[in-house]
Amino acid sequence: MLSPNASLSHLAQRQHARVAGVDWDALQPAEARRLREFGLDEGVEIELLHRAWLGGGPVACRIGRMMVALRPHVAAAIRVTLAVD
């Protein structure tokens, strides 16, 4: 079970969630700008699609209709809650 305020990196593969918040201070300005350009903000649906085979690699996720790869520290800065259908 996903704990409240869990990070995107703890989401199970193919599990749908909503962004509860982002720790913008944990990101470099360019990384934060990129996430905002993707439309990533509170309430946005997100789905973890795939993780790298070796721990510490990037994760692929769907934000809206886009598929993006995120570095592990970026995924850890994104807090999620399970989506309710």
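This text gives an overview of the structure that appears in the document. (Residues numbered from 1 in each chain as written. Predicted model: local features only at pLDDT ≥ 70, side-chain atom pairs only at ≥ 80, totals over all residues. Heavy atoms only, no water.)

Focus: the overall build of the chain
Part 1 of the argument: Scanning the chain from terminus to terminus reveals two helices and six strands.
Part 2 of the argument: Traced from its N-terminal end to its C-terminal end, the chain shows the element sequence β-β-α-β-β-β-α-β.
Part 3 of the argument: Rg of the C-alpha trace for the chain: 12 Å, near the compact-globule value of 12 Å for 85 residues, within the 12% margin.
Part 4 of the argument: Across the 85 residues of the chain, 35% fall into the buried class. (Helix = DSSP H or I, 4+ residues; strand = E, 2+ residues; numbered from the N terminus. Rg over C-alpha atoms; globule rule 2.2 N^0.38 Å. Buried < 20%, exposed > 50% of the residue type's maximum accessible area, 1.4 Å probe, protein only.)

Describing the pairing of strand E3 (residues 45-51)
Part 1 of the argument: Strand direction decides the pairing type here: strand E2 (residues 16-22) and E3, joined by three bridges, are antiparallel. Residue Ala17 lies in a different strand from E3, and its bridge partner there is Ile46.
Part 2 of the argument: Where E3 lies against strand E4 (residues 59-63), five bridges are found, and the strand directions are antiparallel. Pairing of Ile46 across the sheet is with Ile63, part of E4. (Pairing = 2+ DSSP bridges.)

Observations regarding the side chain of Glu47
Part 1 of the argument: Considering the arrangement of structural elements, one finds Glu47 in strand E3.
Part 2 of the argument: Once residues within four sequence positions are removed from consideration, Glu47 is found in contact with Arg14, Gln15, His16, Ala60, Cys61 and Arg62. (Contact = heavy atoms within 4.5 Å.)

With respect to the environment of Phe38
Part 1 of the argument: Relative to the assigned elements, Phe38 resides in the loop between helix H1 (29-37) and E3.
Part 2 of the argument: Put simply, Phe38 and Met67 are 29 residues apart on the chain and 9.9 Å apart in space, counted from C-alpha to C-alpha.
Part 3 of the argument: Those residues in contact with Phe38, other than ones at most four positions away along the chain, are Ile63, Met66 and Val68.

Section: the packing of aromatic side chains
Part 1 of the argument: Tallied over the entire structure, the rule returns zero aromatic pairs.
Part 2 of the argument: When the ring centre of Trp24 is taken as reference, the NZ or CZ atom of Arg36 above it lies at 3.9 Å. (Phe/Tyr/Trp six-rings, centres within 6.5 Å; stacked < 30°, edge-to-face > 60°. Lys NZ or Arg CZ within 6 Å of the ring centre and 35° of its normal.)

As for the pairing of E2
Part 1 of the argument: The pairing of E2 with strand E6 (residues 78-82) spans five bridges and is classified as antiparallel. Counted as the bridge partner of Gly21 is Arg79 from E6.

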